[in-house]
Amino acid sequence: MIHIEKMTTRHLADVLLLSVADEQQRFVGSIEEILKSANAQIRPHVILVEGIVVGFFLIDTIYAKHFDFAKKHSLGLRSFFISKEFQGRGFAKQAISALPHYLKEAFPTYSIIYLTVNCQNPVAKELYLKGGFEDTNNLYHGGPAGPQHIMMKAIESSIGAESE
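Conventions used here
Residues numbered from 1 in each chain as written. Predicted model: local features only at pLDDT ≥ 70, side-chain atom pairs only at ≥ 80, totals over all residues. Heavy atoms only, no water. Bend = angle between axes of the 7 residues up to and from the residue. Helix = DSSP H or I, 4+ residues; strand = E, 2+ residues; numbered from the N terminus. Buried < 20%, exposed > 50% of the residue type's maximum accessible area, 1.4 Å probe, protein only. Phe/Tyr/Trp six-rings, centres within 6.5 Å; stacked < 30°, edge-to-face > 60°. Lys NZ or Arg CZ within 6 Å of the ring centre and 35° of its normal.

### Details of helix α5 (residues 91-106)
- Its axis deflected by about 40° at leucine 99, α5 carries its strongest bend there, up to four residues before the proline proline 100.
- Every buried residue of α5 is accounted for by Phe91, Ala92, Ala95, Ile96, Leu99, Pro100, Tyr102, Leu103 and Lys104.

See below:
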């Protein structure tokens, strides 16, 4: 079972060991490059399995300021990956499924999350589709590795939704 939480300094040594296969590198980049973009608005998160860091992603709280396709007050999912030694075990699927509830709790004032996925990365696109993201049928052309599908998902939580 996966667990998602905000990255802290106690995770840093484990996060620095995360990497993707060579053929995935152009879509994700290195963890060192990714961490350079983290700040108070673009927040790093870890994906854990039994206390072991298996993956990573950024949540961009000012995504709409950088991408005109995103609605105001929406989040952006960036640099999502499972480290190569943990791939193929369903952790990415579990994390994407758990993400809406986690975001509803961690970022309660946001209602939509966006992401872009490279057109040459059909495996990732399929993962997001199976996880409930919708393809907007628009492309973002500013990616470093070519055009990207723009995808979005409403942030909903069935737990606690009735009590709000």
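### Examining the packing of aromatic side chains
- All chains considered together, the criterion is met by 12 aromatic pairs.
- Seen in terms of ring centroids, tyrosine 63 and phenylalanine 67 are 4.5 Å apart; in terms of plane orientation they differ by 35°. Their pairing is tilted.
- Take tyrosine 63: its relative accessible area is 2%, and that puts it in the buried class.
- Clustering of aromatic rings is evident, with ring pairs tying together Tyr63, Phe67, Phe69, Tyr114 and Tyr140.
- One residue, lysine 6, lies across the ring of phenylalanine 107, its end atom 5.8 Å from the ring centre.

Just geometry here; none of it tells us what the structure is for.
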